[in-house]
Amino acid sequence: MRGYWMQMTDSQTMLELRETPTPEPGARQLLVRLHAASLNRGEFVLGHGLHGQPGTWKAIGGEGAGEVVAVGADVAGFAPGDRVMGRCAGAFSEYALMDVAEAMMAPGPLSWEEAASIPLTFLVSFDMLVLQGRLQPGEWLLINGVSSGVGVASLQLGKQLGGRVIGTSGSATKLEKLRALGLDIGLCTRAADFAPAVMEATDRHGVDLVVNAVGGSVFAENIRAMAFEGRLATVGYVDGVLNADLDLEALHARRLQLFGVSNKLRTKAQRAAAVPRFVAEVMPHFAAGRIRPQIDQVVAFEELPAAKERMEGGGHIGKIVLRMPVVG
């Protein structure tokens, strides 16, 4: 089978398309013939924990959708021919192994490309907004960089949870397009200057939950924009700023809660623990069409390097998806 491998050094990233043996499913594993896999920025950022040590090669891709072709021992609930989606290592390949605990049935109304955009991105949003963020109907949600894959997913899930959503972006065009997905207020800025506008929009209440996928450059401004007992989720640092000032007086007086969202140090069991609840609470929205994954672009398998450049250039809205070649 063919699949993409990546090597990272301190100065560059190299991609290589390799021919490797098709894997055999082990106990509680599915062998999936992938039809689509979506890109995630963290896959290509050293330090997010998704790649490994600098200088090492690794099969890449973190989420995909396809057809089960074989099952390992102790597998229940799945059979060859099933349409599935899930998080899996090496998803930018023609075949991948998917742990049963991470696998979900792909809803019939969704295309392969749409299904491939759900498992990692929306589970991250579910972690931020529900498991840790506890977003309640009527609360204010602020999303930094709302046009990113996780930003759009958080916007869509946040609206289904009854939240009122404020999003920041450097593009007024992107913000306007996201109004169709329910964005209540769009703030066109790339700078750490949005707190006054947030306070005005919320009638001085502030936001109850922040999704920070940008990084340290907006951290202090997010603190200034938060409500009493507000929560702040840090899910990325695409700005490369890993340190930021923390207003301890605000943290203390307003009883703020700060938390990170990462699978870097979690065990397989910990990563999979939220899947049953996600299936029960979120998947019905996809099946009913209330949430439809936002696809920016679908690219051919051989065009991964160009797709990576588009994602890193920030010109996309939602997900960029890799369409797998037809295997004879």
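All values derive from a computational prediction rather than experimental measurement.

Visitor: Outline helix α2 (residues 119–132), listing residues and values.
Guide: Across its 14 residues, α2 extends 18 Å between first and last C-alpha, which sits within 8% of the 20 Å expected from 1.5 Å per residue. Phe126 marks where α2 bends most, by close to 30°. Considered for burial, the residues of α2 that qualify are Pro119, Leu120, Thr121, Phe122, Leu123, Val124, Ser125, Phe126, Asp127, Met128, Leu129 and Val130. Directly beyond the C-terminal end of α2, a positive phi value near 50° is found at Arg134.

Visitor: Tell me what's going on with the environment of Ser169, and back it up with residues and numbers.
Guide: In this structure, Ser169 sits in strand β10 (residues 164–169). On the accessibility criterion, Ser169 (7% relative accessible area) is buried. Residues Ser169 and Ser262, 93 residues apart in the sequence, show an inter-C-alpha distance of 23 Å. Aside from chain neighbours lying at most four places away, what touches Ser169 is Val146, Ser147, Lys174, Leu175, Leu187, Cys188 and Thr189. Of note is the side chain of Ser169, whose polar atom sits 3.1 Å from the backbone nitrogen of Ser171.

Visitor: An account of the pattern of salt bridges is needed here, citing residue identities and associated values.
Guide: Within the structure shown, the criterion is met by 16 salt bridges. Put simply, Lys319 and Glu63 hold a salt bridge, and the shortest N to O gap is 2.9 Å. Of the two residues, Lys319 is situated in strand β16 (residues 319–323) and Glu63 in strand β5 (residues 63–71); the sequence distance between them amounts to 256 residues. Take Lys319 and Glu63: they sit in the same class, and that class is buried. Residue Glu113 pairs with Arg323 through a salt bridge whose shortest N-O separation is 3.0 Å. Remark: Arg323 occurs in strand β16 and Glu113 occurs in helix α1 (residues 112–116); sequence separation between them is 210 residues. Bridged by salt links that share partners, the residues Arg2, Glu94 and Glu302 form one connected network.

Visitor: Give a detailed account of unusual backbone geometry, specifying residues and quantitative values.
Guide: The phi angle of most residues is negative, glycine excepted, and most peptide bonds adopt the trans form. At Arg134, a residue that is not glycine, the phi angle is positive and equals roughly 50°. Within the secondary structure, Arg134 is located in the loop between α2 and β9 (140–144). Backbone geometry places Arg255, a non-glycine residue, at a positive phi of 55°. Tracing the sequence through the fold places Arg255 in the loop between α7 (248–253) and β14 (257–260).

Visitor: Which residues make up the sheet that holds strand β12 (residues 207–212), and what values go with them?
Guide: The six strands lie next to each other as β11-β10-β9-β12-β13-β14, forming an open sheet whose pairing is parallel. The open sheet has two edge strands, β11 (185–188) and β14, and neither has a second partner. Direction aside, the axes of adjacent strands within the sheet are offset by 15° on average. One ladder, built from four bridges, connects β10 with β11; its direction is parallel. When the bridges of β11 are listed, Ser169 appears paired with Cys188.

Visitor: Before we move on, could you go through the nonpolar core and cite the residues and values that matter?
Guide: Among the nonpolar cores identified, the biggest contains 46 residues, and Met85, Met128, Leu129, Leu141, Phe278 and Phe286 are the most heavily contacted of them. When residues of this core are traced back to their parent elements, those giving at least two are α1, α2, β9, α3 (149–160), α4 (172–178), β12, α9 (275–281) and α10 (283–287). Considering each element in turn, this core owes the most residues, eight residues, to α2. Those residues in contact with Leu141, other than ones at most four positions away along the chain, are Leu129, Leu135, Ser154, Gly158, Arg164, Val165, Ile166, Leu209 and Val211. Formed by 29 residues, the second largest nonpolar core is a distinct cluster that contains Met6, Leu34, Ala307 and Met324.

Visitor: So, the sheet that holds strand β2 (residues 13–19): which residues are in play, and what are the values?
Guide: Pairing in this open sheet of three strands is antiparallel, and the strands run β2-β1-β4 from one edge to the other. Both outer strands of the open sheet, β2 and β4 (57–59), are each paired with one neighbouring strand and no more. Pairwise comparison of adjacent strand axes, ignoring direction, gives a mean angle of 30° for this sheet. Of the strands in this sheet, β1 (2–8) and β2 are in contact with helix α11 (residues 304–313), which crosses β2 at around 150°.

Visitor: Can you tell me about the layout of surface pockets, naming the residues and giving the values?
Guide: Roughly 170 Å³ of internal volume is contained in the second largest pocket. Taken together, Asn212, Gly215, Gly216, Phe219, Thr234, Gly236, Tyr237, Val241, Leu242, Asn243, Ala244 and Leu246 form the lining of the second largest pocket. Its residues assigned to classes, the lining of the second largest pocket comprises six nonpolar, six polar and no charged.

Visitor: Describe the packing of α2 against α3, with residues and values.
Guide: Remark: α2 packs on α3, axes separated minimally by 9 Å, with the N-to-C direction vectors making an angle of 55°. Regarding the angle of α2 to α3, the classification is oblique. As for how α2 packs across α3, the hand of that crossing is right-handed. In this structure, α2 uses Thr121, Phe122, Val124, Ser125, Phe126, Met128 and Leu129 to contact α3, whose residues at the interface are Gly149, Val150, Ala153, Ser154, Gln156, Leu157 and Gly158. Class assignment for the residues of the contact of α2 with α3 results in eight nonpolar, six polar and no charged.

Reading the values: rules and limits
Residues numbered from 1 in each chain as written. Predicted model: local features only at pLDDT ≥ 70, side-chain atom pairs only at ≥ 80, totals over all residues. Heavy atoms only, no water. Helix = DSSP H or I, 4+ residues; strand = E, 2+ residues; numbered from the N terminus. Expected span 1.5 Å × (residues − 1). Bend = angle between axes of the 7 residues up to and from the residue. Buried < 20%, exposed > 50% of the residue type's maximum accessible area, 1.4 Å probe, protein only. Contact = heavy atoms within 4.5 Å. Polar contact = N/O pair within 3.5 Å; in protein donor to acceptor, adjacent residues only side chain to side chain. Salt bridge = Lys/Arg side-chain N within 4 Å of Asp/Glu carboxyl O. Pairing = 2+ DSSP bridges. Axes fitted to C-alpha atoms, helices over the stretch in contact; angles between N-to-C directions. Core = buried A, V, L, I, M, F, W, Y, C linked by side-chain atoms within 4.5 Å. 1 Å grid on protein atoms, 1.4 Å probe; cavity = no way out; pocket = protein on both sides within 12 Å on 5 of 7 lines; lining within 4 Å. Points joined across faces, edges and corners; volume = space filled by probe spheres on them. Nonpolar A, V, L, I, M, F, W, Y, C, P; charged D, E, K, R; others polar. Parallel < 35°, antiparallel > 145°, perpendicular 65-115°, else oblique. Left-handed = near helix turned anticlockwise from the far one by under 90°.

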